[in-house]
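Overview (structure and organization)
In case you want the letters, here they are:
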Amino acid sequence: MSILLLFALLFVLLVIGVPVAVALGLSSLVFIVTNGMPSLVVLHNMVNGVNSFPLIAIPFFILAGHLMNTAGITTKIFSFARAMVGWMHGGLGHVNVGASVVFAGMSGAAVADAGGLGNIEIKAMRDAGYDTDFSVGITAASSTIGPIIPPSLPLVIYGVVADTSIGQLFAAGLIPGMLMAFALMIMVAWYAKRRGYPRDDRFRLSIFWHSLIEAALPLMTPIIIVGGIVTGLFTPTEAAIAAVVYSMFLGVVVYRTLNWKSIMRVSMDTIEMTAAILMIVAASAIFGWILTANQVANQFADLLLGFTDNKIAILLIITLLVLVIGCFMETIAAITILVPVLLPVAIQIGVDPVHFGIILILNLMLGLLTPPVGMVLFVLSKVSEVPFERCVVATAPFLVPLVAVLLILTFVPSLSLWLPTLVYR
């Protein structure tokens, strides 16, 4: 069974609706059996795929995000962002972006951002007279900042698959995340001028100070996580555990919004989501092993370099390929399949693995905003009660600044590598 048939079988299974983990595992098993290899290889590689210490960070970051949402901390974050940037024209649009930047330092997942803050943001914007399409579009676009600014679940997965420092990846995401926020705020300002969106309210120091005091403890979460990692106080995995402990402290002791029943519900949700992610990682491990054993990465590199040896052209081809795949494949699965194939090519043309990780993840985040998969769009469609097709159209204009940022980051690697170089190298 050739590699082309392996990919064809995987594609068919995904198209007919087979879960990603099952599709990866089944296509790999068929390849192994038809090529006369022992089926035990599947189990061996799947177990090795999840036998990684950094992966322990995944359930803890997921749990921390769920605890923040359940404890009502998202409301305090939104109020703080409103007091900070709501005075600008199109104020609630800027608040939307600002709240996503703050929440990004807590959850590390775009879907968690869309589900946690989305309901609050869209309702507030509707009540203030903003167009529903604009409200949904900016909420969807700003949620993609979450997996770029640390902590980030996709960057953890990438770090494990690419055998790259997760601490350096986290540091590399700070400036790109801020650049995404700045680009989206420019888009908001343009919309506000064109459509006459008002300021939310004039800036008042008393209100800002009050909201800052209310949000002070939640705002410590990203400081604890990022600061602890950068200073070497703890590893990314230990930072995830610290985030959970701090979230529990806020929800149970400080705000008293968490009880035993809600903690159990959140824990079960975390177990369910973690199991789904680890199943994909395990199934992708055997798939990746097949690709490595058959030197698919080398063949792909030879194909690209045979077509052109221009670094810019190759990066554009890779970018286009990942953008297309991101439209059809779930983020974690895409990372585990694409990295073994694309990273060796990137290294061969002189791209740093940390830099490549940032542009790959941002590429895949755009896939969350495009059909047919578009998980963020599905979440916001449910939250806002707007049809999925309308969410797609509403979000499309906001892809422009995000794609612009992607291209800037792709061809100006110092934006991603300056901070990791300063701290770690």
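Computed from a predicted structure; not experimentally measured.

Some words on the packing of aromatic side chains
Applying the stated rule across the entire model yields eleven aromatic pairs. An angle of 80° between the planes, with centres 5.2 Å apart, marks the rings of W190 and Y191 as edge-to-face. Feature note: the residues Y130, F134, W190, Y191, Y197 and F398 constitute an aromatic cluster, connected by ring pairs.

Quick word on helix 21 (residues 414-424)
Among all positions of helix 21, only S416, L417, L419 and P420 are buried. Considered in projection along helix 21, the buried side chains sweep an arc of 160° and stay on one side of the axis. Those residues of helix 21 that are exposed and aimed more than 90 degrees away from the buried face are W418 and L422. Those residues of helix 21 hidden inside the fold are in contact with helix 10 (166-195), helix 17 (353-367) and helix 20 (399-411).

Some details on the pattern of salt bridges
If charged atoms from side chains of opposite charge come close, those side chains can pair. Inspection of every chain in the model, using the stated rule, returns three salt bridges. The salt bridge involving R195 is made with D131; its shortest N-O contact spans 2.9 Å. Here D131 lies in the loop between helix 7 (110-127) and helix 8 (132-143) and R195 lies in helix 10, a separation of 64 residues in the sequence. In this structure R195 comes out as partly exposed when scored by relative accessible area, which is 38%. By relative accessible area, D131 is classed as partly exposed at 35%. Between D133 and R390 there is a salt bridge, with the nearest N and O atoms lying 2.7 Å from each other. Of this pair, D133 sits in helix 8 while R390 is found in helix 19 (residues 388-395), placing the two residues 257 residues apart along the sequence. Classification of D133 by relative accessible area gives partly exposed; the value is 30%.

Structural notes on the nonpolar core
Counting 141 residues, the largest nonpolar core has F134, I145, Y158 and F356 as the members making the most contacts within it. In this structure I145 touches V97, V101, A104, G177, M180, A181 and L184, once residues within four positions along its chain are discounted.

Remarks on the packing of helix 1 (residues 3-15) against helix 2 (residues 20-34)
Angle between the axes and distance between the axes: these two values describe a pair of packed helices. Closest axis-to-axis distance for the helix 1/helix 2 pair is 9 Å, and the angle between their directions is 150°. Classified by the angle between their axes, helix 1 and helix 2 sit roughly antiparallel to one another. The interaxial crossing formed by helix 1 with helix 2 has right-handed handedness. Contacts between helix 1 and helix 2 involve I3, L6, L9, L10, L13 and L14 from the former and V20, A23, L24, L26, S27, S28, V30 and F31 from the latter. Looking at side-chain class alone, the contact of helix 1 with helix 2 contains twelve nonpolar, two polar and no charged residues.

What about helix 16 (residues 331-348)?
Spanning 18 residues, helix 16 covers 24 Å between terminal C-alpha atoms, matching the ideal 26 Å at 1.5 Å per step. G350, located one to two residues past helix 16, shows a positive phi value of around 90°.

Considering a nonpolar patch on the surface
Residues L217, M220, I223, F249, V252, V253 and V254 make up a contiguous nonpolar surface patch of roughly 540 Å² in combined accessible area. Of all the secondary structure elements, the ones that give two or more residues to the nonpolar patch are helix 11 (205-230) and helix 12 (236-254). The element best represented in the nonpolar patch is helix 12, accounting for four residues. Relative to the helices and strands, M220 resides in helix 11.

Describing the packing of helix 10 against helix 20
With their axes 9 Å apart at the nearest point, helix 10 and helix 20 run at an angle of 145° to one another. At the point where helix 10 passes helix 20, the crossing takes the right-handed sense. Here P176, L179, M180, A183, L184 and M187 of helix 10 lie close against helix 20, whose contacting residues are P401, L402, V405, I408 and L409. Class assignment of the residues belonging to the contact of helix 10 with helix 20 gives a composition of eleven nonpolar, no polar and no charged.

A short note on the side chain of S247
Residue position: S247 is located in helix 12. On the accessibility criterion, S247 (1% relative accessible area) is buried. Polar contacts involving the side chain of S247 include one to the main-chain carbonyl oxygen of A243, which spans 2.7 Å. If near-sequence neighbours (up to four positions away) are discounted, S247 is found in contact with A64, L67, M68 and L258.

Structural notes on the confidence of the model for the protein chain
This prediction gives the protein chain a mean pLDDT of 83; 96% of its residues lie at or above 70. The secondary-structure element of the protein chain with the lowest mean pLDDT is helix 7, recorded at 72, while helix 20 shows the highest, at 94.

Describing the layout of surface pockets
Of the volumes computed, that of the second largest pocket is approximately 320 Å³. Forming the walls of the second largest pocket are 16 residues, and the residues nearest its centre are V161, A285, G288, W289 and P340. If you list the elements that add at least two residues to the lining of the second largest pocket, you get helix 3 (40-50), helix 9 (153-162), helix 13 (260-293) and helix 16. A per-element tally of the lining of the second largest pocket places helix 13 first, with six residues. The residue makeup of the lining of the second largest pocket, split by class, is ten nonpolar, six polar and no charged.

Quick look at the environment of L24
Take L24: it is sitting in helix 2. Since its relative accessible area comes to 0%, L24 is described here as buried. Remark: the alpha-carbon pair of L24 and L10, spanning 14 residues in sequence, is separated by 6.4 Å. Setting aside anything within four residues of it in sequence, one finds L24 in contact with L10, I280, A283, S284, F287, A333 and I337.

Parameters and conventions
Residues numbered from 1 in each chain as written. Predicted model: local features only at pLDDT ≥ 70, side-chain atom pairs only at ≥ 80, totals over all residues. Heavy atoms only, no water. Phe/Tyr/Trp six-rings, centres within 6.5 Å; stacked < 30°, edge-to-face > 60°. Buried < 20%, exposed > 50% of the residue type's maximum accessible area, 1.4 Å probe, protein only. Helix = DSSP H or I, 4+ residues; strand = E, 2+ residues; numbered from the N terminus. Arc of directions from axis to C-beta. Contact = heavy atoms within 4.5 Å. Salt bridge = Lys/Arg side-chain N within 4 Å of Asp/Glu carboxyl O. Core = buried A, V, L, I, M, F, W, Y, C linked by side-chain atoms within 4.5 Å. Axes fitted to C-alpha atoms, helices over the stretch in contact; angles between N-to-C directions. Parallel < 35°, antiparallel > 145°, perpendicular 65-115°, else oblique. Left-handed = near helix turned anticlockwise from the far one by under 90°. Nonpolar A, V, L, I, M, F, W, Y, C, P; charged D, E, K, R; others polar. Expected span 1.5 Å × (residues − 1). Patch = residues over 30% accessible without salt bridge, like charges linked within 9 Å, V, L, I, M, F, W, Y side chains within 5 Å. Areas by Shrake-Rupley, 256 points an atom, 1.4 Å probe, with all protein chains shown as cover. Polar contact = N/O pair within 3.5 Å; in protein donor to acceptor, adjacent residues only side chain to side chain. pLDDT = per-residue confidence, 0-100. 1 Å grid on protein atoms, 1.4 Å probe; cavity = no way out; pocket = protein on both sides within 12 Å on 5 of 7 lines; lining within 4 Å. Points joined across faces, edges and corners; volume = space filled by probe spheres on them.

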